[in-house]
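# Summary of the model geometry
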Amino acid sequence: MSRSDVSSEPGDEGLLECTDCLEPAEAFALIGNETRLAILEALWAADERPVSFSELRRAVEMRDSAQFNYHLQQLTGHFVRKVEGDGEDSETTDGYEFKHAGEKVVRSILAGSFTESPTLEPFPVQGSCVSCGGPLQASYADEQLGIECLDCGQCHGEYPFPPGGLNDRTREEIAEAFDQRVRHLHCLAADGVCPECNGRMSAEINEEGECCLGVGVRVDNECQQCGHMLCSAVGLRLLDHSAVVTFHRERGVYLDERPYWTLPWCVSDRHTTVLERDPYRLAVSIPLAGDELRVEIDDELNVLETDVRTCD
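Residues numbered from 1 in each chain as written. Predicted model: local features only at pLDDT ≥ 70, side-chain atom pairs only at ≥ 80, totals over all residues. Heavy atoms only, no water.

## Quick notes on the pairing of strand β4 (residues 135–141)
Where we set the bar: Any two strands with at least two DSSP bridges between them are considered paired. Here a helix means four or more residues in a row that DSSP labels H or I, a strand means two or more in a row labelled E, and each is numbered from the N terminus.
With four bridges connecting them, strand β3 (residues 123–128) and β4 associate as antiparallel partners. Its bridge partner being in β4, F123 is matched across the sheet by A138. Between the end of β3 and the start of β4, which pair antiparallel, lie six residues, with G133 showing a positive phi angle near 80°. When β4 meets strand β5 (residues 144–149), the two strands line up antiparallel, connected through six bridges. Across the sheet, the residue bridging to Y140 is L145, located in β5. If you look at the hairpin formed by β4 and β5, you'll find two residues sitting between the two strands, and D142 has a positive phi there, around 55°.

## Looking at the packing of aromatic side chains
Our working rule: In this scheme Phe, Tyr and Trp rings, the latter by its six-membered ring, pair at centre separations within 6.5 Å, and the angle between planes marks the pair as stacked below 30 degrees, edge-to-face above 60, and tilted otherwise. Relative accessibility under 20% of the residue-type maximum defines a buried residue, over 50% an exposed one, and the middle range a partly exposed one, all with a 1.4 Å probe and only protein chains included.
Applying the stated rule across the entire model yields seven aromatic pairs. Seen from their ring centres, F178 and Y260 are 6.3 Å apart, and the 55° between their planes marks the pair as tilted. One end of the pair, F178, is in helix α6 (residues 171–190); the other, Y260, is in the loop between α7 (242–249) and α8 (264–267), and 82 residues separate them in sequence. Both residues of the pair, F178 and Y260, count as buried. Connected via pairs of aromatic rings, a cluster forms that spans Y159, F161, F178, Y260 and W261.

## A few points about the packing of helix α2 (residues 34–45) against helix α4 (residues 65–75)
Selection criterion: Note on geometry: axes are C-alpha line fits, over the in-contact stretch for helices, and angles between N-to-C directions span 0 to 180 degrees. Our angle categories are set so that under 35 degrees counts as roughly parallel, over 145 as roughly antiparallel, 65 to 115 as roughly perpendicular, and the remainder as oblique. Contacts between residues were defined by any pair of non-hydrogen atoms, one from each residue, lying within 4.5 Å. Note that Gly is not counted as nonpolar here; it falls among the polar residues with everything else outside the nonpolar set of Ala, Val, Leu, Ile, Met, Phe, Trp, Tyr, Cys and Pro and the charged set of Asp, Glu, Lys and Arg.
At their nearest, the axes of α2 and α4 sit 9 Å apart, and the two run at 70° to each other. The orientation of α2 with respect to α4, classified from their angle, is roughly perpendicular. Along the contact surface, α2 presents T35, R36, I39 and L40, while α4 presents F68, Y70, H71, L72, Q74 and L75. Broken down by class, the residue content of the contact of α2 with α4 amounts to six nonpolar, three polar and one charged.

## As for the packing of α2 against helix α3 (residues 53–60)
For clarity, the threshold we go by: Working rule for handedness: look at the near helix, and if it is turned counterclockwise from the far one by less than a right angle, call the crossing left-handed; if clockwise, right-handed.
In contact at an axis separation of 9 Å, α2 and α3 are set at 115° when each is read in the N-to-C sense. Judged on the interaxial angle alone, α3 and α2 are roughly perpendicular. Considering only the axes of α2 and α3, their crossing is right-handed. Counted together, T35, A38, I39, A42 and L43 of α2 and L56, A59 and V60 of α3 form the full contact between these two elements. Here the residues of the contact of α2 with α3 are counted per class, giving seven nonpolar, one polar and no charged.

Nothing here speaks to function; it is geometry throughout.
So this is what it looks like as structure tokens:
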């Protein structure tokens, strides 16, 4: 399906109308050429943009001007745009700069998504298993990094982690970067934005099917545009909620310093109670220092109320 076939909301007629869109196969064909990739990389490496035709050609080291122009024009309109100068006295000169798609391609190359298949031996990480108390380790395969228990195998989260994230980092730094990335992914998803394509992301509470964490009650996020999916325990959705952050800070715990997988309510449904179904109404109980924060949410994952109680 091309983007021109996508319908818009009432009143937004023409908002997504596209007269010069590319099918995915055509887009990959355009950049599946060494010279065109070299042009994109040269544009990325430039100190200032826009970059003139002659500067780009020198950077790519292609003598044949006509052949270089052919490849550049194949990219223009979809991956790069031509900028017209405003005159001799203007600071803007003729040249080329990135469109978002072109910048995304280069970022993916730099991240290693297209070019690297690194291996990383499993390594221990901070925290203990929420199920059995056993030691945890991180493992990496197929551009996914996961946290699991060495004793019982309980998964504490497995999410995309581009190969570039392994470069120039110690194992401890990789674990820290993974924690920050997971937080970022779910913050975007909570705001309804797909972390892959920026499309509209929907979320629903689910008790059926498979889940990356093996939990019964979870949140499934799915992009309506590209189909990208993220799943999590319900509690992870509350990780940056003001009431949750304040509850921990008042008891000497700073959530931004604690990896998400060390917080049982972020990786398990044992702290989640289904109060009602159709529509859903849930309660997440977070114990700490003799107290308990109870957070009630609705089927759209809106926080309805919070209450601090003394634990028995």
